[in-house]
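Below are the chains, spelled out letter by letter.
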Amino acid sequence: MDKSSLEARRILLIIGGGIAAYKCLDLIRRLRERGASVRAIMTGAAHEFVTPLSVSSLTGEKVFTDLFDLTDEAEMGHIELSRDADLLLVAPATADLMARMAGGLANDLATTALLATDKPVLIAPAMNVRMWEHAATQRNIATLAQDGISFVGPNEGDMACGEFGPGRMAEPMEIVGAVEAHFGEAAFAADQPLKGLKALVTSGPTHEPIDPVRYIANRSSGKQGHAIAAALATLGAETVLVAGPTATPDPAGVSVRHVETADEMLAACEAALPADIAICAAAVADWRVEASAEQKMKKKNGEDGLHLKLKQNPDILATLSALKGRKRPRLVVGFAAETEKVIEHATDKRMRKGCDWIVANDVSPATGIMGGDDNLVHIITAEGAEDWPRASKRDVARRLAHRVADHFRKGKSAT
Ligand code: C5P
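Residues numbered from 1 in each chain as written. Predicted model: local features only at pLDDT ≥ 70, side-chain atom pairs only at ≥ 80, totals over all residues. Heavy atoms only, no water.

## Comments concerning the site of the ligand
The full set of residues close to the ligand is Cys280, Ala282, Val284, Asp286, Pro314, Asp315, Ile316, Leu317, Gly334, Phe335, Lys349 and Lys353. Note that an oxygen atom of the ligand is positioned 2.6 Å from one of the backbone N or O atoms of Ala282. Lys353 is positioned with one of its side-chain polar atoms (N or O) 2.9 Å from an oxygen atom of the ligand. Comparing atom positions with the cavity grids shows the ligand to sit within the second largest pocket. Grouping the constituent residues of the shell around the ligand by class yields seven nonpolar, one polar and four charged. (Near = heavy atom within 4 Å. Polar contact = N/O pair within 3.5 Å; in protein donor to acceptor, adjacent residues only side chain to side chain. 1 Å grid on protein atoms, 1.4 Å probe; cavity = no way out; pocket = protein on both sides within 12 Å on 5 of 7 lines; lining within 4 Å. Sits in = over half its atoms within 2 Å of the grid points. Nonpolar A, V, L, I, M, F, W, Y, C, P; charged D, E, K, R; others polar.)

The following block contains the structure:
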């Protein structure tokens, strides 16, 4: 254990009212063991699960509970409480607390501190599996993520209510890991290694019209590309994301250009040039319908099917890679989803497309990568292949952004 990994870090822990609140006692111990100071706010409902006395014994500080406690207000206002912290940590984040955060409510001390802060917020959700899966909670999760709030967990497993599924709060050590990762990340982002550089990222699928109501598409979720744009922006790059149609929310801090077709995607990329970095993560349709119909096509009785003539779409990655002189981004990165001989095929693709790096992922069904939240990638450069461990798409994005920053720090010109 690194005893000082959180030395002098000030954490404002907001304890929501759920059975998982008991885990907070251990969480406070673990955070303090690592050098953090912890101040706690408990919601009214949290009192049903742990006592302020236990919490304050472990934090070594007064526990803050009531917005209208005038003594607290005199000693420390709710604004000061969050101003004084380096990180706000919500554990357990109940469905109710998340809904109030997503709605911007400030009807108790916990939500007031959360609304009044410009500090980073990390939440550890905990709730019944059906509450987690409910459309309202899923909507709130998307809103909170878009607001820049980070999540740790929930985990899948047996729940106190006797059910099984996602909703268990992350274990205290996992939360500590997420807090440490947050500060590690913050330290790295603090010197903004990509400041002054322009980045262009493509993400999501394209839709190629057959007629005004039908189109050819693919299953790309856009999760990886969007996460890459967010990670580059976090490190200071002025980032343009050219996004095909996807349900993944626009990342914060990024200029997003929404497009439908491959042609539009190419035009939006060209309009965003010059750029120092181009990362093509979109699953661009290889073909489009040569002459899409102007009116909705009608099926005719007795006809033996329909023949669509397809035409190849422009290859955006190859086009950007082939640009000459100052128009060519200094680092062009493509993706290769492969199901076999991953490194061999990706190395080939790097040469064929003329890009500098390829991020190759193994999407064979056994990996469960396709459409999921994890990715398992290899980075193919002129020097060879780097194997990265399986990680969430968000962590892969951050690592790639760091790798890009290292590349520019070393002052290498990729061309
Ligand atoms: O040729 P393939 O589709 O396997 O190549 C994948 C890589 O090429 C990805 O980086 C993808 O974004 C990019 N690509 C592109 N334009 C296309 C097809 C692929 O930018 N028309």
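## Focus on the packing of helix α1 (residues 23-33) against helix α9 (residues 172-190)
It is the contact of α1 with α9, at a shortest axis distance of 9 Å, that shows an interaxial angle of 45°. If you check the angle between α1 and α9, you find them oblique. The handedness of the crossing between α1 and α9 is right-handed. Judged by residue contacts, Lys23, Asp26, Leu27, Arg30 and Leu31 of α1 engage Pro172, Met173, Ile175, Val176 and Val179 from α9. Partitioned by chemical class, the residues of the contact of α1 with α9 number seven nonpolar, no polar and three charged. (Axes fitted to C-alpha atoms, helices over the stretch in contact; angles between N-to-C directions. Helix = DSSP H or I, 4+ residues; strand = E, 2+ residues; numbered from the N terminus. Parallel < 35°, antiparallel > 145°, perpendicular 65-115°, else oblique. Left-handed = near helix turned anticlockwise from the far one by under 90°. Contact = heavy atoms within 4.5 Å.)

## Focus on the nonpolar core
The biggest cluster of nonpolar side chains holds 35 residues, and the ones touching the most others in it are Leu194, Ile228, Leu232, Ile277, Ile279, Leu400 and Val404. Counting residues per element, this core draws most heavily on helix α14 (residues 393-409), at seven residues. Contact partners of Ile277, with chain neighbours within four places excluded, come to Leu194, Leu197, Lys198, Ala199, Leu200, Pro329, Leu331, Val404 and Phe408. Counting residues in each nonpolar core, the second largest holds 32 residues, with Leu13, Ile15, Ala36 and Met169 among its members. (Core = buried A, V, L, I, M, F, W, Y, C linked by side-chain atoms within 4.5 Å. Buried < 20%, exposed > 50% of the residue type's maximum accessible area, 1.4 Å probe, protein only.)

## Description of the domain arrangement of the protein
Structurally, the protein comprises domain 1 (10-189) and domain 2 (192-409). Here the C-alpha centre of domain 2 lies 36 Å away from the C-alpha centre of domain 1. Facing the six residues of domain 1 at the interface are twelve residues of domain 2. Counting the surface lost from both domain 1 and domain 2, the interface buries some 800 Å², and carbon and sulfur atoms represent 55% of this. Among the residues of domain 1 in contact with domain 2, Glu185, Phe188 and Ala189 are the three that bury the most area, contributing 67% of the side total. Inspection of the region where domain 1 meets domain 2 yields zero salt bridges. The tally of links between domain 1 and domain 2 comes to two residue pairs in polar contact (both at pLDDT 80 or more). Among the secondary structure elements, those contributing two or more residues to the side of domain 1 that touches domain 2 are α8 (135-146) and α9. Tallying contributions element by element places α9 first for the side of domain 1 that touches domain 2, with three residues. Counted by class, the side of domain 1 that touches domain 2 contains three nonpolar, two polar and one charged residues. (Domains from an automatic or database assignment. Buried area = accessible area lost by both parts, 1.4 Å probe. Salt bridge = Lys/Arg side-chain N within 4 Å of Asp/Glu carboxyl O.)

## Focus: the layout of surface pockets
In this structure, the second largest pocket occupies an estimated 1100 Å³ of space. Around the second largest pocket, the lining is made up of 42 residues, and of these Ala281, Ala282, Ala283, Val284 and Ala337 lie nearest the centre. When residues of the lining of the second largest pocket are traced back to their parent elements, those giving at least two are β9 (198-203), α10 (223-234), β16 (310-312), α12 (316-322), β17 (331-338) and α13 (342-353). Broken down by element, the residue count for the lining of the second largest pocket peaks at four residues, all from β17. By residue class, the composition of the lining of the second largest pocket is 19 nonpolar, 15 polar and eight charged. (Points joined across faces, edges and corners; volume = space filled by probe spheres on them.)

## As for helix α11 (residues 262-272)
Where α11 is concerned, the buried positions are Ala262, Met265, Leu266, Ala268, Cys269 and Ala272. Axial view of α11: buried residues confined to an arc of 165°, hence all on one face. In this structure, the buried residues of α11 make contact with β9, β10 (208-209), β12 (238-243), β13 (255-258) and α12. (Arc of directions from axis to C-beta.)

## Brief notes about the sheet that holds strand β1 (residues 10-15)
The strand order across the open sheet formed by six strands is β3-β2-β1-β4-β5-β6, and the pairing between neighbours is parallel. Sheet topology places β3 (63-64) and β6 (150-151) at the edges, where each strand pairs with a single neighbour. As paired strands, strand β2 (residues 37-42) and β3 are joined by two bridges and run parallel to one another. Residue pairing across strands places Ile41 opposite Phe64, the latter belonging to β3. In the packing of α9 onto the sheet, the strands contacted are β1, β4 (87-93) and β5 (121-125), and the crossing angle to β4 comes to about 155°. (Pairing = 2+ DSSP bridges.)

## Concerning unusual backbone geometry
Here the bond from Ala91 into Pro92 is cis, since omega is -5°, no more than 30 degrees from zero. That bond from Gly153 to Pro154 is cis: its omega, 5°, falls within 30 degrees of zero. You can see Pro154 is positioned in the loop between β6 and β7 (155-158). Phi angles above zero are rare outside glycine, and Gln192 is one such case at about 45°. Mapped onto the elements, Gln192 comes out in the loop between α9 and β9. Given a relative accessible area of 25%, Gln192 falls into the partly exposed group. You will see that Lys341, though not glycine, has its phi angle at about 40°, which is positive. With respect to the helices and strands, Lys341 occurs in the loop between β17 and α13. Residue classification places Lys341 among the exposed residues on the basis of a relative accessible area of 51%.

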